[in-house]
Amino acid sequence: MNEGIALLSNNCKAQHSLQYTGGTNIYNFALSLRSPRDSVIYWDNISTYNEQHHPPAADLWDTDFIMVPKPGLTINNTSDNWFSIYGYYVQTHYTLCEETQFFKLYKREPNAIP
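Since this is a predicted model, take the numbers as computed values, not measurements.

Trainee: Would you mind going over the state of the cysteines with me for this structure?
Mentor: Where two cysteines share a covalent bond between their sulfur atoms, that bond is called a disulfide. Summed over the entire model, instances satisfying the criterion amount to zero disulfides. Cysteine Cys97 remains unbridged, with the sulfur of Cys12 as its closest cysteine sulfur at 7.5 Å. Here Cys97 falls in the partly exposed class, since its relative accessible area comes to 33%.

Trainee: How should the environment of Arg34 be read in this particular structure?
Mentor: For Arg34, the position within the fold is in the loop between α2 (26-31) and β2 (65-69). With 19 residues separating them along the chain, Arg34 and Gln15 place their C-alpha atoms 6.3 Å apart. Within the structure, Arg34 has its side chain in polar contact with the backbone oxygen of Gln15 (distance 3.4 Å).

Trainee: What should I look at first to understand unusual backbone geometry in this one?
Mentor: Trans peptide bonds make up most of the peptide bonds, and negative phi angles are found at most residues other than glycine. Of note in the backbone geometry, Ser32 takes a positive phi value of approximately 55° without being a glycine. Considering the arrangement of structural elements, one finds Ser32 in the loop between α2 and β2. Here Ser32 falls in the exposed class, since its relative accessible area comes to 55%.

Trainee: Could you clarify how one ought to interpret the pairing of β2 in this entry?
Mentor: Successive residues of a regular strand alternate their side chains across the two faces of the sheet. Among the five residues in β2, five count as buried, and that is most of the element. Neither face of β2 is open: one carries Phe65, Met67 and Pro69, the other Ile66 and Val68, and all of them are buried. With three bridges connecting them, strand β1 (residues 18-20) and β2 associate as parallel partners. Note on β2: the bridge partner recorded for Leu18 is Phe65. For the segment spanning β1, α2 and β2, crossover handedness is left-handed. Looking at chain direction, β2 and strand β4 (residues 103-108) are connected through five bridges and run antiparallel. From the neighbouring strand, Ile66 faces β4, where its bridge partner is Tyr106.

Trainee: Got a minute to help me understand the pairing of β4 in this structure?
Mentor: Bridging between strand β3 (residues 94-99) and β4 involves five bridges; their strand directions are antiparallel. When the sheet's bridge partners are listed, Thr95 is paired in β4 with Lys107. Turn length for the β3-β4 hairpin, with the two strands adjacent in sequence and antiparallel, is three residues.

Trainee: Where do I start with the packing of aromatic side chains in this structure?
Mentor: For any pair of aromatic rings, the description rests on two quantities: the centre-to-centre distance and the angle between the ring planes. According to the stated counting rule, one finds six aromatic pairs in the structure shown. Ring plane angle 70° and centroid distance 5.0 Å describe the contact between Tyr20 and Tyr27, whose orientation is recorded as edge-to-face. Look at Tyr20 and you get buried, because its relative accessible area is 7%. Owing to a relative accessible area of 3%, Tyr27 belongs among the buried residues under this scheme. Summarising the aromatic geometry, the rings of Trp82 and Phe83 are spaced 6.4 Å apart at their centres and angled 40° between planes, so their arrangement reads as tilted. Cluster of aromatic residues (ring-pair linked, three or more members): Trp82, Phe83, Tyr86 and Tyr106.

Scoring rules and cut-offs
Residues numbered from 1 in each chain as written. Predicted model: local features only at pLDDT ≥ 70, side-chain atom pairs only at ≥ 80, totals over all residues. Heavy atoms only, no water. Disulfide = S-S within 2.5 Å. Buried < 20%, exposed > 50% of the residue type's maximum accessible area, 1.4 Å probe, protein only. Helix = DSSP H or I, 4+ residues; strand = E, 2+ residues; numbered from the N terminus. Polar contact = N/O pair within 3.5 Å; in protein donor to acceptor, adjacent residues only side chain to side chain. Pairing = 2+ DSSP bridges. Right-handed = clockwise from strand over helix to strand, strands pointing away. Phe/Tyr/Trp six-rings, centres within 6.5 Å; stacked < 30°, edge-to-face > 60°.

Below you can see the structure in the form of structure tokens.
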């Protein structure tokens, strides 16, 4: 958790919104970041979404930053499955901002269309 807080502290301001894909979006609370509109509060690829039933990628329109835990860091490979669904949207609307041992942080492109 400390590495995630340090990563976000270096890149995010209070007015920014963050979507954390590794389960509960705990970092918003820890750093007083804004939760994105239309956001899922808890990502779990068994109980809240799957390949067939999931929120549309366009629901990420209000997300300034997306923090993705690296493989093996989440239960049930939540982040891997999340990225298999939303990865194309992230790659076309966001840029890899910074990468650490445990996380990848993506920042929305300034002119990205939802």
